[in-house]
Amino acid sequence: SQQGEEDPQALSIQEGENATMNCSYKTSINNLQWYRQNSGRGLVHLILIRSNEREKHSGRLRVTLDTSKKSSSLLITASRAADTASYFCATDAKERGGADGLTFGKGTHLIIQP
Amino acid sequence: EPEVTQTPSHQVTQMGQEVILRCVPISNHLYFYWYRQILGQKVEFLVSFYNNEISEKSEIFDDQFSVERPDGSNFTLKIRSTKLEDSAMYFCASSASGRNTGELFFGEGSRLTVL
């Protein structure tokens, strides 16, 4: 898989349920970020987790990072219809000295059924 | 709340024509970026800009592309001779801290259609 690959590609759940999305990456990182994109709109930053952190919370979001498995998960609890969007993980590349360009995955398209 | 603004929102051009996409980053940010997203595909890094020069560029950012910060507020992406495969959504982003230590603030994008 490529740097920053999310799964599943699409997820449809009922409102109120929890949604879990996963991201895998290949190279060492300094940090990993999650972004959200509503259809046809720009990306909105959700949360950043550093390589020395294992879990981070922000409101209804919980992100975990397992650097030994090179994977991260994004959990959205008590989902709402307004959470319908695509969710992307993005990584830097530590061996590039923390270079500027983020590498995004293809995203998980989340649909919350009302 | 401060935001990144991009113009135009949509541009249609003929193959071979020059295109300039404009961005106004958040005013106290120092790091500026262009990304693109071909329809249905992943967001791809093009270039980063700091201290009035390119700090990194991807293999996509070939000689047909250039960036400029002509004044204190605008940040532009120029495509000299557009190709069909340049059709995509182009996103500008800015960051206060750069070097991937902080979040990127993205604009709403400029959709480029090359015919």
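The rules we used
- Residues numbered from 1 in each chain as written.
- Chains lettered and ligands numbered in written order.
- Predicted model: local features only at pLDDT ≥ 70, side-chain atom pairs only at ≥ 80, totals over all residues.
- Heavy atoms only, no water.
- Helix = DSSP H or I, 4+ residues; strand = E, 2+ residues; numbered from the N terminus.
- Rg over C-alpha atoms; globule rule 2.2 N^0.38 Å.
- Buried < 20%, exposed > 50% of the residue type's maximum accessible area, 1.4 Å probe, protein only.
- Contact = heavy atoms within 4.5 Å.
- Areas by Shrake-Rupley, 256 points an atom, 1.4 Å probe, with all protein chains shown as cover.
- Lys, Arg positive; Asp, Glu negative; His and termini not counted.
- Charge placed at Lys NZ, Arg CZ, Asp CG, Glu CD.
- Pairing = 2+ DSSP bridges.
- Axes fitted to C-alpha atoms, helices over the stretch in contact; angles between N-to-C directions.
- Polar contact = N/O pair within 3.5 Å; in protein donor to acceptor, adjacent residues only side chain to side chain.
- Disulfide = S-S within 2.5 Å.

### Quick word on the overall build of chain B
Okay, step 1: Within chain B one finds zero helices and 11 strands.
Okay, step 2: Computed over C-alpha atoms, the radius of gyration of chain B comes to 13 Å, within 12% of the 13 Å expected from 2.2 N^0.38 for 115 residues, which places it in the range of a compact globule.
Okay, step 3: Taken along its principal axes, the extent of the C-alpha atoms in chain B is 35 × 30 × 30 Å.
Okay, step 4: Residues counted as buried form 46% of the 115 residues belonging to chain B.
Okay, step 5: Nonlocal contacts in chain B, meaning residues at least 24 apart in sequence, comprise 53% of its contacts between residues at least 6 apart.
Okay, step 6: Carbon and sulfur atoms form 46% of the exposed surface of chain B, whose accessible area is close to 5,700 Å².
Okay, step 7: Side-chain charges of chain B comprise 10 positive and 15 negative groups, with the mean position of each set lying 4 Å from the other.

### Some points on the sheet that holds strand 7 (residues 65-68) of chain B
Residues and elements named next belong to chain B.
Okay, step 1: Pairing is antiparallel in the open sheet, where four strands are placed in the order 1-3-8-7. Only two strands of the sheet have a single neighbouring strand rather than two, namely strand 1 (5-7) and strand 7. Sheet twist, expressed as the average angle between the axes of neighbouring strands with direction ignored, equals 20°.
Okay, step 2: Taken together, the three bridges between strand 1 and strand 3 (residues 19-24) define a ladder with antiparallel strand orientation. Among the inter-strand pairings, Q6 is bridged to a residue of strand 3, identified as C23.

### Concerning the side chain of S73 of chain A
Okay, step 1: Among the secondary structure elements, S73 of chain A is positioned in strand 8 (residues 71-76).
Okay, step 2: Side-chain polar atoms of S73 of chain A contact the side chain of T64 of chain A, separated by 2.5 Å.

### Structural notes on the pairing of strand 8 of chain A
Looking down a regular strand, the side chains alternate between one sheet face and the other.
All names here are of chain A.
Okay, step 1: Across the six residues of strand 8, five count as buried, placing the element largely inside the fold.
Okay, step 2: Here strand 3 (residues 19-24) pairs with strand 8 via six bridges, running antiparallel. Following the sheet pairing, T20 is matched in strand 8 by L75.
Okay, step 3: As judged from the six bridges shared by strand 7 (residues 61-66) and strand 8, these two strands associate in the antiparallel manner. Bridge assignment links L61 to a residue of strand 8, and that residue is I76.

### Observations regarding the state of the cysteines
Okay, step 1: Counted under the stated rule, the structure contains two disulfides over all chains.
Okay, step 2: Bridging C23 of chain A to C89 of chain A, the disulfide has an S-S length of 2.0 Å. With the S-S dihedral at roughly 65°, the linkage between C23 of chain A and C89 of chain A falls on the right-handed side. Taken together, the residues C23 of chain A in strand 3 and C89 of chain A in strand 9 (residues 85-91) connect sequence positions 66 residues apart.
Okay, step 3: Given the relative accessible area of 0%, C89 of chain A is considered buried.
Okay, step 4: The disulfide partner of C23 of chain B is C92 of chain B, and the S-S distance across this bridge is 1.9 Å. Between C23 of chain B and C92 of chain B, the S-S dihedral sits near -65°, and the bridge is therefore left-handed.

### A closer look at the sheet that holds strand 6 (residues 55-58) of chain A
Residue and element names in this part refer to chain A.
Okay, step 1: Judged by pairing direction, the sheet is antiparallel, and its five strands sit side by side in the order 1-3-8-7-6 without closing on themselves. Among the strands making up the open sheet, the edge pair consists of strand 1 (5-7) and strand 6. For this sheet, the mean angle separating the axes of adjacent strands, direction not counted, is 20°.

### Some thoughts on the environment of T5 of chain B
Residue and element names in this part refer to chain B.
Okay, step 1: Looking at where T5 falls in the secondary structure, it is placed in strand 1.
Okay, step 2: T5 sits 17 residues away from R22 along the chain, and the two C-alpha atoms are 8.4 Å apart.
Okay, step 3: Beyond its immediate stretch of four places on either side in the chain, T5 contacts R22, C23 and V24.

Just distances and angles here, no functional claims.
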